[in-house]
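Here is what each chain is made of, one letter per residue.
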Amino acid sequence: MINKGLALGALMAGLAAAPAFAQETIKAVVIDGYPARALWVKEFTNFFIPEVDKKLAKTGNYKMDWQESYGGSIVKPKGVLEGVKLGLGDIGIVTTIFHSSKLPSQAISAVTPFVAADARAVAKAVDEIAKEYPTMQNEFAKQNQVYLATGVVLDTYQVFSKEPVSSVSDMEGAKVAGAGMNLRYLEGIEGAAGVRGGLTDFYNMLDTGLVDKAMLWPEAAKTFKIAEVAPYMLRADLGAVNSKTITVNKDYWEGLPDEVKTALQEVAVMYRDHVAGIAMDRAAESRDSYAAAGGTIVDVTTEDRAKWAAAMPNIAAEWAKTLDDKGEPGSEMLSAYLGKLEAAGYTGVRNWTE
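Predicted, not measured: the structure shown is a model, and the values here were computed from it. (Residues numbered from 1 in each chain as written. Predicted model: local features only at pLDDT ≥ 70, side-chain atom pairs only at ≥ 80, totals over all residues. Heavy atoms only, no water.)

### Observations regarding the sheet that holds strand β3 (residues 91-95)
Pairing within the open sheet is mixed, and its five strands lie in the order β2-β1-β3-β10-β4. A single partner strand is all that each edge strand has here, and the edge strands are β2 (62-69) and β4 (145-151). Going across the sheet, the axis of each strand differs from the next one's by a mean of 25°, ignoring polarity. Relative to the sheet, helix α5 (residues 134-141) contacts β4 and β10 (244-249), its axis offset from that of β4 by approximately 130°. (Pairing = 2+ DSSP bridges. Helix = DSSP H or I, 4+ residues; strand = E, 2+ residues; numbered from the N terminus. Axes fitted to C-alpha atoms, helices over the stretch in contact; angles between N-to-C directions. Contact = heavy atoms within 4.5 Å.)

Quick look at the structure:
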């Protein structure tokens, strides 16, 4: 007869001797050329990474070994797209405005000014378009990358001026600092000339008289003490613009377990909304700081905004046609994007589809 006590003891001993559950550790090198203190980088560390870790901890099957490399240690700000493509980083925060030729569809919010000044609404709408239409994802696929989510890290552009400004007519004949697509917002204003420059150059450009005005957002105006050289802000609410996209090296992605892929995809959307929310909170604080530093804020009238928008060339239609001509659904994407913003409560002062 079998002794039940001995049998149970043998079973327990056998279980104790069996190998413990093997949790797999997955290394992830995250890169951005901007420093760790930059809003989107800081929140990748403080929000994105912990949220992924929390999701994976629910099953305990996988654990991430995060290796963060920022501030130019691996790539410069403009080098993230190429760095992820080559596998210098597994996950990257790509600043898309540097790559208009390789990522043309990412300009969808920049070519539709005067519609939405809310970073949260714009981030959500752009990201949904990217996931509903293949164009944006295909652009990244050509760069050996998988698209996770697009984010907006700054609130709407405004106009900062050396001299008092109360309407769009006060911009006639002015030299205005800007960067990229927003320089085209000046087309249609008589005598206004755009002067391309980097954000870090705007203070000196205004101080030396190289320009009379500059288009930037309130947080940047606070950070770079623009009130000292441009104490007048024309609140035109030109619009929030997407500029950051989280991507993953395609070869690295294909080797990830499905559970990890799902966690990264879900947290990327959470991060998108989290960062946009912070950007909006900072915008309000920054406007107050600008005023406290001696700045005067003047709101553009509804009529003036409509006049400014109407005077511009239809850069949105031009953008859409360029994609259409390449066989991409540019016009369809434009209509869908504006429809999403309208559903969120934002209707532009001009219909960019016409």
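### Topic: the pattern of salt bridges
Inspection of every chain in the model, using the stated rule, returns 16 salt bridges. Lys340 is the salt-bridge partner of Glu128, the closest N and O atoms lying 3.1 Å from each other. Here Glu128 is found in helix α4 (residues 119-132), whereas its partner Lys340 is found in helix α12 (residues 330-343), with 212 residues between them in sequence. By relative accessible area, which is 23% here, Glu128 ends up partly exposed. With its nearest N and O atoms 2.6 Å apart, the salt bridge here joins Glu254 to Lys250. Within this pair, Glu254 and its partner Lys250 are both found in helix α8 (residues 250-254), separated by four residues, close to a single helical turn. Classification of Glu254 as partly exposed rests on a relative accessible area of 49%. Among the charged side chains, a salt-bridge network with shared partners connects Lys124, Glu128, Glu132 and Lys340. (Salt bridge = Lys/Arg side-chain N within 4 Å of Asp/Glu carboxyl O. Buried < 20%, exposed > 50% of the residue type's maximum accessible area, 1.4 Å probe, protein only.)

### Quick look at helix α10 (residues 302-311)
Restricting attention to buried positions, one finds in α10 the residues Asp304, Arg305, Trp308 and Ala309. Along the axis of α10, the buried positions cluster into a sector of 135°, meaning they face one direction only. Of the exposed residues in α10, the ones pointing more than 90 degrees away from its buried face are Thr302, Glu303, Lys307 and Ala310. Summarising the contacts, the buried residues of α10 are in contact with β5 (158-161). (Arc of directions from axis to C-beta.)

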